[in-house]
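Coordinates in review
Letter by letter, the chains look like this.
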Amino acid sequence: AAEVLKYADEASVKGSRSGLYKHYPRLYEGAAATTGYPYLEAEVRYAIDKEYAVSPADILARRTRLAYLNSTAAKLTLPRVVEIMGDHLGWDKSRRLAEYQKAELVLNADFAGPAPDKSRASMRTACTADVKYAFDKIDTKRRGYLTREGIEAAATELGFPLSGQPLVKAMTEMD
């Protein structure tokens, strides 16, 4: 850790260089406060020099692993990673843009790609997060339960509408 801190930009250290990470600039300030992933800007420079990192996607996926842990934070951090790498490696404006675009493709394809097609899925294979999202959207009065109409609306929201006997069967299974 002390080796990484040597790569901190002196002008941007807040407070002392006591070794407390809170004094060092983070890749994305929101990431530390909201997600618990307080990666330092110094880690990017260190990864370039000591770990042979050569692309922003490499930094976000393999060096910090932020893309695996929080793809949204990785996308929000991408411009700053490109800026640090560009400054450190002497990239011109066109190279920075190209690196940004390549990294964005990797993040979109491997870490936050298109939503799966659920048109042929059954209710049982729906993702728990999808169900909670739909439930919260339908349960606007925050009662903690859904009526028959609410379940029908939730199933439609999830992409596989239920009605008639299949709806009755689903309600029986949920009860």
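Residues numbered from 1 in each chain as written. Predicted model: local features only at pLDDT ≥ 70, side-chain atom pairs only at ≥ 80, totals over all residues. Heavy atoms only, no water.

To continue, consider the packing of aromatic side chains. Applying the stated rule across the entire model yields 1 aromatic pair. Judged by centre distance (4.8 Å) and plane angle (85°), the rings of Tyr68 and Phe111 are edge-to-face. A residue pair is termed long-range when its members are at least 10 positions apart, and Tyr68 in helix α5 (residues 66-69) and Phe111 in helix α7 (residues 93-111) qualify at 43 residues. Looking at Arg65, its charged tip hangs above the ring of Tyr68, at a distance of 4.4 Å from the centre. (Phe/Tyr/Trp six-rings, centres within 6.5 Å; stacked < 30°, edge-to-face > 60°. Helix = DSSP H or I, 4+ residues; strand = E, 2+ residues; numbered from the N terminus. Lys NZ or Arg CZ within 6 Å of the ring centre and 35° of its normal.)

Okay, the nonpolar core next. In terms of nonpolar packing, the biggest core is built from 22 residues, with Val44, Ile59, Met85 and Leu107 touching the most fellow members. Among the elements of the structure, α3 (41-50), α4 (56-63), α5, α6 (71-89) and α7 are those that each provide at least two residues to this core. The dominant element in this core, judged by the number of residues it contributes, is α6, at 7 residues. Apart from the residues within four sequence positions on either side, Ile59 is in contact with Val44, Ala47, Ala53, Thr64, Arg65, Val81 and Met85. With 5 residues, the next largest nonpolar core counts Ile151, Ala155, Leu167 and Ala170 among its residues. (Core = buried A, V, L, I, M, F, W, Y, C linked by side-chain atoms within 4.5 Å. Buried < 20%, exposed > 50% of the residue type's maximum accessible area, 1.4 Å probe, protein only. Contact = heavy atoms within 4.5 Å.)

Separated by 39 residues in sequence, Tyr68 and Leu107 place their C-alpha atoms 9.6 Å apart. Setting aside residues up to four positions removed in sequence, Tyr68 forms contacts with Ala61 and Phe111.

Attention now moves to the side chain of Thr77. Relative to the elements of secondary structure, Thr77 occurs in helix α6. Within the local environment of Thr77, its side chain forms a polar contact with the backbone oxygen of Ala73, the two atoms lying 2.6 Å apart. (Polar contact = N/O pair within 3.5 Å; in protein donor to acceptor, adjacent residues only side chain to side chain.)

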